[in-house]
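# Observations on the three-dimensional arrangement
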Amino acid sequence: MRKQIAAANWKMNLKYDEAKNLLSELKNCSTENSNAEVILAVPFPYLLTAQEILKSNSSIQVAAQNCSQHVQGAYTGEVSAGMLSSCGIKYVIIGHSERRELFNEDDKIISQKIDQAIGNAVQPIFCCGEPLAIRENNEEAGYVEKQLQQGLFHLAPEKLEGFIIAYEPIWAIGTGKTASAEEAQSMHLHIRKVMAERYGEKIAGSISILYGGSVKASNAKEIFGQPDVDGGLVGGASLIAADFEAIVGSLK
Ligand code: PEP
């Protein structure tokens with residue numbers, strides 16, 4: 001049975017003291033569902049502190065928000081997947097639309113980052129999703145399919161077992177505009193179909209596909225209730241403990 005996941009993406013928010021407060025508030029955050037997992041993607045300088053504060057809660061994992069496509073060396077300011085792994089980090093967000101748009105990460109770079117993460121036993125949370133203009137032209141299915149092909153299709157089947165994909169329509173990120181539950185389900189079903197065509201039904205069925213884009217305490221239950229939505233990647237609402245806890249409580 002694939003995992004149900006609530007993942008927080010703090011982005012570049014919170015000073016150290018504020019981060020420690022939020023981590024302490026979330027320390028006992030749990031779900032009754034033994035198949036559910038909570039992941040907090042915090043800024044790099046807070047990774048080890050987050051691990052320390054959360055170590056007594058085995059259902060919360062700490063994630064990085066990015067890693068380098070390079071192995072090591074003269075890449076000032078970069079953090080490698082090997083470094084994350086050596087710090088005990090097990091998850092990393094790769095291909096977030098903000099990285100694609102603001103830092104010019106193309107599909108090739110993203111696929112290299114995926115390889116670095118997997119090669120260092122760090123599970124990627126692979127993000128895909130279309131901009132508004134593509135949605136308005138009804139071209140979102142093909143657009144996302146291409147992102148999956150370019151980012152993941154070079155991987156051997158065993159690497160996709162229990163993988164995590166986040167579908168995040170760009171027009172819904174940080175805008176307060178959420179895809180309807182039906183729109184989310186329709187794209188998640190498409191993503192699972194695309195993965196099944198390449199890797200077979202069993203592997204496609206093991207992949208957790210998270211929805212991201214203005215998930216809130218008030219809409220999480222309906223969106224997560226869709227058969228192919230296995231939780232969410234949450235930005236803004238993950239910075240308020242009570243809101244994020246309510247989102248965790250909305251997992252199937
Ligand atoms: C995100 O950045 O991954 C995200 C989904 O942000 P928000 O929830 O704020 O739309």
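Figured I'd write up the structure that's included with this text. Throughout, a residue's number is its position along its own chain's written sequence, starting from 1. Per-residue local features of the predicted model are confined to residues with pLDDT of at least 70, and side-chain atom pairs are confined, for both listing and counting, to 80 or more; whole-chain, interface and lining totals are unaffected and use all residues. Neither water nor hydrogens contribute to the side-chain values; these are computed over all heavy atoms in the structure.

Whether a set of points on the 1 Å grid over the protein atoms alone is a cavity depends on a 1.4 Å probe fitting there but being unable to get out, while an open set qualifies as a pocket with protein on both sides within 12 Å along at least five of seven lines; lining residues are those with an atom within 4 Å of a point. Grid points are joined across faces, edges and corners, and a volume is the space filled by probe spheres set on the points. Evaluation of the coordinates by the stated rule reveals 1 cavity of 30 Å³ or more. Volume-wise, the largest cavity comes out at about 40 Å³. As for the largest cavity, its lining consists of G95, H96, S97, R100, C127, C128, G129, Q147, E168 and I170. Listing elements by their share of the lining of the largest cavity, those giving two or more residues are α4 (97–102) and β5 (123–128). In DSSP terms, a helix is any run of H or I states spanning at least four residues, a strand is any run of E spanning at least two, and both are numbered starting from the N terminus.

Near the ligand, the surroundings consist of 14 residues, among which K11, E168, G174, S214 and G235 are the closest. Backbone polar atom of S214 to an oxygen atom of the ligand: 2.8 Å apart, as the coordinates give it. Of the pockets mapped on this structure, the ligand occupies the second largest pocket. Gly counts as polar in this scheme, as do all residues outside two lists: the nonpolar Ala, Val, Leu, Ile, Met, Phe, Trp, Tyr, Cys and Pro, and the charged Asp, Glu, Lys and Arg. Here the shell around the ligand is composed, by residue class, of 4 nonpolar, 8 polar and 2 charged. Consider each residue's heavy atoms; a residue with any of them within 4 Å of a molecule or strand counts as near. N or O atoms within 3.5 Å of each other form a polar contact, as long as, within protein, one can give a hydrogen and the other can take it, and as long as residues adjacent in sequence are counted only when both atoms are side-chain atoms. Assignment to a cavity or pocket requires that more than half of a molecule's atoms be within 2 Å of the site's grid points.

Right, let's talk about the packing of aromatic side chains for a bit. Centre distance within 6.5 Å is the pairing criterion for rings of Phe, Tyr and Trp, where only the six-membered ring of Trp is used; planes under 30 degrees apart are then read as stacked, over 60 as edge-to-face, and the remainder as tilted. For the structure on display, the rule yields 3 aromatic pairs. Judged by centre distance (5.6 Å) and plane angle (35 degrees), the ring pair of Y16 and Y46 falls under tilted. Of this pair, Y16 sits in helix α1 (residues 16–26) while Y46 sits in the loop between β2 (36–41) and α2 (47–54); the two residues are 30 residues apart in sequence, bridging distant segments of the chain. Its relative accessible area of 36% is what places Y16 among the partly exposed residues. When the NZ atom of lysine or the CZ atom of arginine is within 6 Å of a ring's centre and also within 35 degrees of its normal, the charge is said to sit over that ring. Lying across the ring of F103, R99 places its NZ or CZ 4.0 Å from the centre. Here the guanidinium or amino end of R198 rests over the ring plane of Y199, the centre of that ring lying 4.4 Å away. A 1.4 Å probe rolled over the protein chains alone gives each residue an accessible area, and that area as a share of the maximum for its type sets the label: buried under 20%, exposed over 50%, partly exposed in between.

Attention shifts here to α2. Every α-helix carries 3.6 residues per turn, so stepping three or four residues along brings you back to the same face. Taken together, the buried positions of α2 are occupied by L47, T49, A50 and L54. Buried positions in α2, seen along its axis, are confined to an arc of 165 degrees and lie on one side of it. On its buried face, α2 is in contact with α1, β2, β3 (60–64) and α3 (81–86). Arc, as used here, means the arc of the directions from the helix axis to the C-beta atoms. Here a residue-residue contact requires only that any non-hydrogen atoms of the pair lie within 4.5 Å.

Turning to the packing of helix α7 (residues 140–152) against helix α9 (residues 181–199), a few remarks are in order. For the pair α7 and α9, interaxial distance at closest approach is 10 Å and the crossing angle is 40 degrees. On the basis of the axis angle, α7 is oblique to α9. Between α7 and α9 the crossing geometry is right-handed. On the side of α7, the interface is formed by E140, A141, V144, E145, L148 and L152, while α9 contributes M187, H190, I191, V194, M195 and Y199. In the contact of α7 with α9, the residues fall into 9 nonpolar, 1 polar and 2 charged. A fitted line through C-alpha atoms serves as each axis, taken over the contacting stretch for helices, and the angle formed by two N-to-C directions is quoted from 0 to 180°. Roughly parallel here means an angle under 35 degrees, roughly antiparallel means over 145, roughly perpendicular means 65 to 115, and every remaining angle is called oblique. Left-handed describes a crossing in which the near helix is turned anticlockwise from the far one by less than a right angle; the clockwise case is right-handed.

Turning our attention to the state of the cysteines. By convention in this document, the label disulfide applies to cysteine sulfur atom pairs within 2.5 Å. All chains considered together, the criterion is met by 0 disulfides. Considering cysteine sulfurs only, C67 is the nearest to C87, which forms no disulfide, with 13 Å between them.

Now for the pattern of salt bridges. Pairing between side chains of opposite charge can happen when the charged atoms of each approach one another. Just to be clear on terms, a salt bridge is a Lys or Arg side-chain nitrogen sitting within 4 Å of an Asp or Glu carboxyl oxygen. Going through the model one piece at a time under the given rule, you end up with 14 salt bridges. The shortest N-O distance in the salt bridge between R2 and D230 comes to 2.8 Å. Residue R2 is located in the segment before β1 (4–9), and its partner D230 is located in the loop between α11 (220–224) and β8 (231–234); the two are separated by 228 residues in the primary sequence. Look at D230 and you get buried, because its relative accessible area is 0%. The closest approach of N and O atoms between D107 and R100, which form a salt bridge, is 3.1 Å. The pair D107 / R100 is uniform in exposure class, with both members buried.

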